[in-house]
Amino acid sequence: MKTGNRMGRGGTLVLAIVLALAMLSGLTLHLAAGSATAQEWANPRPLTADGRSRLAAWSPDGDALLVARWGRVVGDGPPRQALSELWAVDVRDGSANRLSENALRPVYAPDGERLAYLSYVGEGGGQWHIQTLDLATGEEQTVGPADWRQPPAWSDVGEAVQRRPGERHTLPVDGRATGFVTSMAWSPDGERLAYVSFTDSALSVGDALSVDGAPSADGATSTLWLVDAAGAGAPRRLARRSMATFSRPSWSPDGRTLAFSIQPWGAETAAAADVWLVETDDPGSERLLFHSDLEERNPAWSPDGRYLAFERAGDVWLFDLAREPTIPESTPAPDVCLLPSARAPLAQQTPPETIRVIHREANVHRDLPPGQIDEIPFEAYVKRCVP
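Just so it is clear, the model here is predicted, and its values are computed rather than measured.

### Regarding the overall build of the protein
Counting its secondary structure elements, the protein contains two helices and 25 strands. Taking all 387 residues of the protein together, the buried fraction comes to 38%. When contacts within the protein are restricted to residue pairs at least 6 apart in sequence, those whose partners lie at least 24 apart make up 42%.

### A short note on the environment of Gln150
Along the polypeptide, Gln150 turns up in the loop between strand E9 (140-145) and strand E10 (152-154). Counting along the chain gives 13 residues from Gln150 to Arg163, while the straight-line C-alpha distance between them is 6.0 Å.

### Brief notes about the sheet that holds strand E1 (residues 45-46)
One open sheet accounts for four strands, arranged E1-E23-E22-E21; its pairing is antiparallel. Looking along the sheet, the strands with just one partner apiece sit at the ends: E1 and strand E21 (296-301). The pairing of E1 with strand E23 (residues 315-320) spans two bridges and is classified as antiparallel. Looking at the pairing, Arg45 lines up with Leu318 of E23.

### Side note on the pattern of salt bridges
All chains considered together, the criterion is met by 10 salt bridges. For Glu85, the salt bridge is made with Arg98, and the minimal N-O distance between the two is 3.5 Å. Taken as a pair, Glu85 in strand E4 (residues 80-90) and Arg98 in strand E5 (residues 96-100) lie far apart in primary sequence, 13 residues in all. Overall, the relative accessible area of 42% leaves Arg98 in the partly exposed class. Among the salt bridges present, the one from Glu279 reaches Arg287, with a minimum N-O distance of 3.0 Å.

### Topic: the nonpolar core
The tendency in soluble globular proteins is for nonpolar side chains to be buried as a group. Ranked by internal contacts, the top residues of the largest apolar core, which has 15 residues, are Leu224, Phe246, Leu258 and Phe260. Secondary structure elements with two or more residues in this core: strand E13 (192-200), strand E14 (220-228), strand E15 (236-242), strand E16 (244-246), strand E18 (257-264) and strand E19 (274-279). Here the element with the most residues in this core is E18; it accounts for three residues. Apart from residues no more than four positions distant in its own chain, Leu258 is found in contact with Ala194, Leu224, Leu238, Pro249, Ser250, Trp251, Trp276, Leu277, Val278, Thr280 and Trp301. Core analysis: the next-biggest nonpolar cluster, separate from the first, contains 13 residues, Ala109, Ala116, Ala146 and Trp154 among them.

### Concerning the sheet that holds strand E6 (residues 104-108)
Note on sheets: strands pair through backbone hydrogen bonds, and any given pair is parallel or antiparallel. Ordered by their spatial adjacency, four strands build an open sheet running E6-E7-E8-E9, and the pairing between neighbours is antiparallel. A strand with exactly one partner marks an edge of an open sheet, and here the two such strands are E6 and E9. Strand-to-strand, the axes of this sheet are offset by a mean angle of 25 degrees, without reference to chain direction. Two elements, E6 and strand E7 (residues 114-121), share three bridges in a ladder whose sense is antiparallel. If you follow Val107 over to E7, its bridge partner there is Ala116.

### A look at the confidence of the model for the protein
Across the protein, the average pLDDT comes to 76, with 70% of residues at 70 or higher. When pLDDT is averaged over each helix and strand of the protein, the minimum, 37, is found for helix H1 (residues 2-39) and the maximum, 97, for strand E17 (residues 250-251).

### Some remarks on the packing of aromatic side chains
Enumeration over the complete set of coordinates arrives at six aromatic pairs. Relative to Trp265, the ring of Phe198 lies with its centre 5.9 Å away and its plane at 35 degrees, an arrangement referred to as tilted. With Phe198 in strand E13 and Trp265 in the loop between E18 and E19, the pair connects residues that are 67 residues apart, well separated along the chain. For Trp265, a relative accessible area of 21% puts it in the partly exposed group. The interplanar angle of 20 degrees and the centroid separation of 5.2 Å between the aromatic rings of Phe290 and Phe319 together place this pair among those described as stacked. Note that Phe290 is positioned in the loop between strand E20 (282-288) and E21 and Phe319 in strand E23, a separation of 29 residues in sequence. No difference in accessibility class separates Phe290 from Phe319, as the two residues are buried. Connected via pairs of aromatic rings, a cluster forms that spans Phe290, Phe310 and Phe319. Here the guanidinium or amino end of Arg69 rests over the ring plane of Trp87, the centre of that ring lying 5.0 Å away. One residue, Arg241, lies across the ring of Trp276, its end atom 5.0 Å from the ring centre.

### Details of unusual backbone geometry
The omega angle of the peptide bond from Asn43 to Pro44 is 5 degrees, so this bond is cis rather than trans. Its location among the elements puts Pro44 in the loop between H1 and E1. Phi at Arg105 takes a positive value of approximately 55 degrees, unusual for a residue other than glycine. Assignment of secondary structure puts Arg105 in strand E6. In this model, Ala313 sits at a positive phi of 50 degrees, which is unusual for a non-glycine residue.

### So, the side chain of Ser285
Relative to the helices and strands, Ser285 resides in strand E20. The residues contacting Ser285, other than those within four sequence positions of it, are Leu277, Val278 and Glu279.

How each quantity is defined
- Residues numbered from 1 in each chain as written.
- Predicted model: local features only at pLDDT ≥ 70, side-chain atom pairs only at ≥ 80, totals over all residues.
- Heavy atoms only, no water.
- Helix = DSSP H or I, 4+ residues; strand = E, 2+ residues; numbered from the N terminus.
- Buried < 20%, exposed > 50% of the residue type's maximum accessible area, 1.4 Å probe, protein only.
- Contact = heavy atoms within 4.5 Å.
- Pairing = 2+ DSSP bridges.
- Salt bridge = Lys/Arg side-chain N within 4 Å of Asp/Glu carboxyl O.
- Core = buried A, V, L, I, M, F, W, Y, C linked by side-chain atoms within 4.5 Å.
- Axes fitted to C-alpha atoms, helices over the stretch in contact; angles between N-to-C directions.
- pLDDT = per-residue confidence, 0-100.
- Phe/Tyr/Trp six-rings, centres within 6.5 Å; stacked < 30°, edge-to-face > 60°.
- Lys NZ or Arg CZ within 6 Å of the ring centre and 35° of its normal.

Written as structure tokens, this is what we have:
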């Protein structure tokens, strides 16, 4: 009996030890798996996954990104207008909150507690107005009419105002720009201005567009320039490409580096758009952010300088500049449905009589509000797009 009792207690002790070790082993594996998940995020990683998102702005604290998405279409048309929804997406967990169904070109107030943006007011034949949004209460207020060509700004006394009226492609510094200015961005300290110009040798001086509203294919060049705000000295060229479009440049918080995207001209060239970096004090330093077979465009630096947000094939992505790229390129997921690459003969397709085209803000060669939808005869559209 005693021997049996001792064996029973010993068996119980052994069993307890085995169970404890098993639990500890399982706990250790669980923690390791959790740590790997937290530390091995793909770089870059997607922040949205709907295929229709556009990058708008970082929040001042860097915790969220403002993301725009085309929403409801208004007006009997043609033309008609697509309203731009505005969402705040948390970069830490991906949670999203819709701020407005009608907000374009948002700008944070200096205190980060309000937003100013452009809104399309009126169902048909409407007008653009400046509106403000209190982020704490959700209250929207209309400031007044606005020119869609100019985003709103915040005055020194905290009021939302229209930017300086005039041509949107005119430099606000002394001196003359070389070519047609397509975008610009002030340095964080306000002492320098980076801008992109477009030149076309087939055009006369001061002319920016060809007859049909599209740039000529002969001698067309995009250039990234840097100029002092005081206008001292000639603009310095940082990057140049022929037959390509540059995005609006984005400054790093320390003012040392500019990020921008380059897309070659031509049909089906979106996948060739890439993000580039260049040091502001070294014009020969431009370098590709990372290699990819997908479309990357419109980069924007986070307030702390660690991340670059950008648009990738219709979604917003984040790249950690402190890490190397980790995702394999051009490798489809196992559950992705791949369509046959062969196209059906054109003879089997009946072209439509008209085609609806939504105007993208990146197309600076047409003086139209972003989101305007035009209905164009199909043959006229083909003649415009195909040389």
